[in-house]
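Chain by chain, the residues:
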Amino acid sequence: MINLQQDAEGFIRMNRHFPASTPITITFADGSTEEVAGRQLNAAYDDALAEYRAQNHLDAKGFSRAPKKRVDPGNKIEFVRVHPGMAG
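Since the model is a prediction, treat every value here as computed from it, not as a measurement.

Trainee: I'd like to hear about the overall build of the protein chain, residue by residue, with values.
Mentor: When its secondary structure is counted, the protein chain shows one helix and five strands. In the protein chain, the succession of helices and strands from N to C terminus is β-β-β-β-α-β. Residues counted as buried form 31% of the 88 residues belonging to the protein chain. Relative to all contacts within the protein chain whose residues are 6 or more apart in sequence, the contacts with residues 24 or more apart total 47%. When the accessible surface of the protein chain is totalled, it reaches about 6100 Å², and 52% of it is carbon and sulfur.

Trainee: Outline the environment of Arg 39, supporting the account with residue identities and numerical values.
Mentor: Inspection of the secondary structure assignment puts Arg 39 in helix H1 (residues 38-55). Owing to a relative accessible area of 53%, Arg 39 belongs among the exposed residues under this scheme.

Trainee: Hey, could you go over the sheet that holds strand S1 (residues 2-5) for me, with residue numbers and the actual values?
Mentor: Strand pairing in a sheet is mediated by backbone hydrogen bonds. Such pairs are either parallel or antiparallel. Read across the open sheet, the three strands follow the order S1-S3-S4; overall the sheet is mixed. The strands lining the two open edges of the sheet, one partner per strand, are S1 and strand S4 (33-37). Each strand of the sheet is rotated relative to its neighbour by a mean of 25°, with strand direction disregarded. The sheet contact formed by S1 and strand S3 (residues 23-27) spans four bridges and is parallel. Each bridged residue has a counterpart across the sheet, and for Asn 3 the counterpart in S3 is Thr 25. Together, S1, S3 and S4 form the strand contacts of H1, whose direction differs from that of S4 by roughly 85°.

Rules used throughout
- Residues numbered from 1 in each chain as written.
- Predicted model: local features only at pLDDT ≥ 70, side-chain atom pairs only at ≥ 80, totals over all residues.
- Heavy atoms only, no water.
- Helix = DSSP H or I, 4+ residues; strand = E, 2+ residues; numbered from the N terminus.
- Buried < 20%, exposed > 50% of the residue type's maximum accessible area, 1.4 Å probe, protein only.
- Contact = heavy atoms within 4.5 Å.
- Areas by Shrake-Rupley, 256 points an atom, 1.4 Å probe, with all protein chains shown as cover.
- Pairing = 2+ DSSP bridges.
- Axes fitted to C-alpha atoms, helices over the stretch in contact; angles between N-to-C directions.

Distances and angles like these do not, on their own, reveal function.
Below is the structure:
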């Protein structure tokens, strides 16, 4: 079992997928806890990554098609927004 803690802004630290069948316990900022499957958090991670890439004008693989102006590994995220009731 994996235990994660939500920060004050509503995010958990997640920089990779978890095994789909692994039970994960999230402790929310309000003190409540909820158990979710890795599959559900992986879907939330994929949604957050797609949103990040869209906001930063990156393609589906995380590459910018604009001319290179800076060196930045801007195709990764480390934090995913979670909320009570996700398992529902």
